Structure formats: structure tokens, C-alpha cells
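A look at the structure
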Amino acid sequence: MRFRFFLLSLSFAYLFSQPAQGQDALQPKEPDRSSKESPPKNKESATTITADSVEAKQDQEIEATGNAVLRKDDQMIRADHLLFHQQTNEIFADGAVRIENKNTSVTGPSLRLNLDSNTGEMPQPSFTLNNGTVRGSAEIMHFKGRQLYSFENATYTSCAAGNDDWLLKMGGLELDRNTQIGTGYNAHVDFMGVPILYTPWMTFPLHSRRQTGFLSPKLGSTNTGGFEGTQPFYWNISNNYDATISTRYMAKRGTSFNNEFRYLGNSYFGKIEYDELRGDKVAQLNRSRSSFAHGQDLGSGFTAALNLNQASDHAYFRDFSIIPGIATQKHLLREGSVSYAGGWWTSSIRAQSYQTLQDPAAPVPLPYRRLPQVNLGAQRVMAGAVVNLHSEFVAFEHPTSVNGDRTVVYPSVAYPLVSDPAYYITPK
């Protein structure tokens, strides 16, 4: 999920890892054919009530008792007892009240609602969005119009039912299903019942579509950087382009800017990353890292790929990465390839080298470069025999060690003489 934070804004994206989806209408269940039924109010916006017992006063009110169900448009309301005022189009319901509407479900002990304006309130509601993937509760819920709700002293989480380890608690919460935006006020994150992070105001989408805005910040501390905080900003440029721009403050070293750009087309995809810290206060130099990965469908069975990685100095990842596997990496890959796969034969050509990052305390030997590596393979069935070819040519280069070429050609012919589930004979 994407959040927009203003002032002091701290939260966990985990709480919203499964946001609400879309606005597909919920299909109402078929009514009980044995129940009594009141006639619809009008054809344009029919209100239908079913229950075990229905008492009606013409043009005044309808009282339904026992398994009462009211349907109007795409909204369905269930309750033990329901009173419907025909003149004002208001309903009063109590006893196991449940509202279902557009992937939204709300339950509570009682309800007051005007069906024309969709205004009213419900005390002590429990609600779910997107068929239960997001859920919450509140002291009171206010209906403020079509698909617009507000809650007082609300909780909100995407954790599975029965698991409340992570909760977002808010003094106020507004859910607008028309714009698919949720807004929280005076919110804090609870972990195992302990409040740990706070924000006075925040917004988040109620759908899975990408949205421009600030992401959850990250706070921490390292031996080499001291206290640090990262604030990412996500830019939804278009359907197939986006970027994440992050500002990372490190008390001992300074501020770095980390950038990621992703793109996707019908025949290509890729990602560009560039991180830079100008004037590292510890190392007394400029630090940077870049990465470029691209894949291309050239058509007619041909594809191409490019993967380039670079660091400004040998200690870059040791100083800046908080992931052990990345912090200790030694070789940054640089390669490009073109491949063909079509019909009965395949081939590829690749050029590969590395930037090796040395640790003075544990130096490693430089790897060989492959300039180039060529592969050719084929397989055909001829006169019942399976003919295969696997071959490779590699030119190995090294700045200080012996250079050399390697050629491997492995042709084969296999002819199955006996083929049975229990045994087989296939000379090759």
C-alpha cells in the first residue's frame, strides 16, 4: 500500500499489504420463499423486505421480526428486528445487524439509516473490506453518503482474523469508496498491544492500484552510519512506468539519494537504480552505486538481455548495506547476451565480466571474463533416432593469469530398441 504522511509520520506497510480491491457489487442471496414479503415501493428504487413475520401499515411503516432482510439497490441489511418508515425511507434495526454492500460488510448491535441519503449511524461496528482481507472495528460508525463512512476510535488491520499482533489504532477514520481513499487521524501502530509509532494524519488507498505518495519511513542505527532514517517517495508515472526516490539520512556520513526507475513494454522490461552520497563525512569521498537490467524480445525467436552493476569503491556495500548477503558480496556482474530459441535448434552468445570488490582483510582472486561465450544446441528425430548436439566455445581472459579458449562439442544419436513401462533398451 502507498501512504501519504505529513508532519511526524511513521507506520508499517505490513498493516496494508492486502488492500481492498475494486467495487464489484455483492450479489444478494435468494430470499426465503416461505417468508412473507412486502410489495416494492416503486419500480425505480424498489425496497424489498422479507422476514418470518411482517406487519405493515399502508404508507406508514413496516415492522419485520425474525430473520429480517431488507434489499435496496445493491445493498442488503439483515437483522433480528427491523422497522421501516415508508414516508421518510428510514430504517431502525437491532439484533445481529449486518450490512453488505460492494465488497463491504459491517456488523453491529443496532442501526439507524436513511436509505435515500445513506446517512445514519451504527454503534460498536465491526467491518471488513474486500471480502475480509482488511478488517477493523470502532466505537461508532457514521454513514455520510453513498460509499462514504467515518469511524470514531477505530482499529484497522490486514492481519488474518484471530491475529491482532499488528493493529493500526486511530482517533478518527474515514473511508471513501468512491475515491478509494482512506484517511486516518491521530493514528498509532500497536504491536502485541504496545504502541510503537505515531502519525497525526495519514492517507492510504483502499485498492491494489499503485498511487503516488510517500511510503512508510524506515528508522535504524548502524555502527558505520550511526542513527539513520530513510523516507521513500513513490511516483506512479503511468501504467507501465514508475519510480521510487528515497532520501537516506545517516548521522555520521551525510545524506544519500537512492533512485529506482522501472519500465515495462510489450516487448521489453527493465529497471535502473542509482544511489549517490556526495561528500561522505567518514570516507571523505563521493560514494555511488548504479545498476541497469534490461530484457528485450527481438522477435522471430530472438531475445536480448543486459545486466550492468557498478560501485564507486570497494567498501560501498560494506558501509551502506544493512542486508548481510549484499554487504558481503564480492563480484558485481556485467554481462550482455543475445539468444535464439526456435524450431529444433537454439543458440546464444554472451559477454561476461565482473567488478570485484576487495576487502583488505579477506582478499579474493579475480574471476575470469568470458569474451565471448557461444552455445549451440540442436535436437531432431530422424528415422526413429534422437539426434542431439550440445556445444560451447568460451574465450577466457584474465588480467594476470593464463588466458585460454575452451571448445566442447558433444553430439549424440540414441535409438530406442525396447520401450516398456517395466524396462527399456536405448543404445546411444
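Structure shown above.
Quick summary incoming for the structure in this document. Worth saying up front: this structure is predicted, and the values here are computed from it rather than measured.

Helix and strand counts for the protein stand at 2 helices and 31 strands. Split into buried and exposed, the 428 residues of the protein put 39% on the buried side. Only carbon and sulfur atoms are counted for the fraction: they give 56% of the accessible area of the protein, which is about 23200 Å².

So, on to the environment of arginine 98. Considering the arrangement of structural elements, one finds arginine 98 in strand S7 (residues 90-101). Taking the C-alpha atoms as reference points, arginine 98 and glycine 108, separated by 10 residues in sequence, lie 6.6 Å from one another. In this structure, arginine 98 is in contact with Met76, Ile77, Arg78, Ser105, Val106 and Thr107, ignoring residues within four places of it in sequence. At 3.0 Å, the side chain of arginine 98 forms a polar contact with the side chain of serine 105.

What follows is about a nonpolar patch on the surface. A cluster of nonpolar side chains, namely Leu298, Phe302, Val338, Ile349, Val374 and Phe393, defines an oily patch on the protein surface of about 460 Å² accessible area. Here isoleucine 349 shows up in strand S26 (residues 345-356).

The residue glutamine 75 is located in strand S6 (residues 75-85) in this model. Contact partners of glutamine 75, with chain neighbours within four places excluded, come to Leu70, Ile99, Glu100, Asn101, Leu113, Leu115 and Asn118.

Time to look at the pattern of salt bridges. Evaluation of the coordinates by the stated rule reveals 19 salt bridges. Where aspartate 280 meets arginine 253, a salt bridge forms, and the shortest distance between an N and an O atom there is 2.7 Å. With aspartate 280 in the loop between strand S22 (268-277) and strand S23 (287-299) and arginine 253 in the loop between strand S20 (241-250) and strand S21 (254-264), the pair connects residues that are 27 residues apart, well separated along the chain. Judged on exposure class, the residue aspartate 280 and its partner arginine 253 are both buried. Its salt-bridge partner being arginine 287, residue aspartate 319 comes within 2.9 Å of it at the nearest N-O pair.

Attention shifts here to the packing of aromatic side chains. One pass over the structure, following the stated rule, counts 12 aromatic pairs. Ring centres of phenylalanine 302 and tyrosine 340 lie 4.7 Å apart, and the angle between their planes is 45 degrees; on these two criteria the pair is classed as tilted. Here the residue phenylalanine 302 occupies a position in strand S24 (residues 302-311), and tyrosine 340 occupies one in strand S25 (residues 331-342), the gap between them amounting to 38 residues. Residue class for tyrosine 340 comes out buried when judged on its relative accessible area of 15%. A ring pair is formed by tyrosine 316 and phenylalanine 317, whose centres lie 5.5 Å apart and whose planes are at 85 degrees; its orientation type is edge-to-face. Considered together, tyrosine 316 and phenylalanine 317 belong to a single accessibility category, that of buried residues. The structure contains a cluster of three or more aromatic residues connected by ring pairs, namely Tyr241, Phe261, Tyr263 and Tyr268. The ring of phenylalanine 320 has arginine 253 lying over it, and the distance from NZ or CZ to the ring centre is 5.5 Å. Here arginine 380 stacks its cationic end above the ring of tryptophan 344, 4.9 Å away from the centre of that ring.

Counting residues in each nonpolar core, the largest one holds 42 residues, and the members touching the most others are Ile77, Leu82, Leu111, Phe151, Tyr156, Leu173 and Leu175. Top contributing element to this core by residue count: strand S14 (residues 166-176), with 5 residues. Dropping the residues within four chain positions of it, leucine 111 is found in contact with Ile77, Ile91, Phe92, Ala93, Val97, Ile99, Glu121, Met122 and Phe143. Judged by nonpolar contacts, the second largest core, of 8 residues, contains Met250, Ala311, Tyr316 and Phe317.

Omega for the peptide link from leucine 371 to proline 372 comes to 0 degrees, which places this bond in the cis form. Looking at the element boundaries, proline 372 is found in strand S27 (residues 369-382). Of note, the phi angle at asparagine 153 is positive, near 50 degrees, even though the residue is not glycine. Within the fold, asparagine 153 resides in strand S13 (residues 148-157). Residue asparagine 153 is classed as partly exposed on the basis of its relative accessible area, which comes to 42%.

Within strand S3 (residues 47-51), 4 of the 5 residues are buried, leaving the element largely enclosed by the surrounding structure. Two strands pair when backbone bridges link them, and S3 and strand S5 (residues 61-72) are joined in this way by 4 bridges, in the antiparallel orientation. Along S5, the bridge assignment pairs threonine 48 with arginine 71.

Parameters at a glance
Residues numbered from 1 in each chain as written. Predicted model: local features only at pLDDT ≥ 70, side-chain atom pairs only at ≥ 80, totals over all residues. Heavy atoms only, no water. Helix = DSSP H or I, 4+ residues; strand = E, 2+ residues; numbered from the N terminus. Buried < 20%, exposed > 50% of the residue type's maximum accessible area, 1.4 Å probe, protein only. Areas by Shrake-Rupley, 256 points an atom, 1.4 Å probe, with all protein chains shown as cover. Contact = heavy atoms within 4.5 Å. Polar contact = N/O pair within 3.5 Å; in protein donor to acceptor, adjacent residues only side chain to side chain. Patch = residues over 30% accessible without salt bridge, like charges linked within 9 Å, V, L, I, M, F, W, Y side chains within 5 Å. Salt bridge = Lys/Arg side-chain N within 4 Å of Asp/Glu carboxyl O. Phe/Tyr/Trp six-rings, centres within 6.5 Å; stacked < 30°, edge-to-face > 60°. Lys NZ or Arg CZ within 6 Å of the ring centre and 35° of its normal. Core = buried A, V, L, I, M, F, W, Y, C linked by side-chain atoms within 4.5 Å. Pairing = 2+ DSSP bridges.

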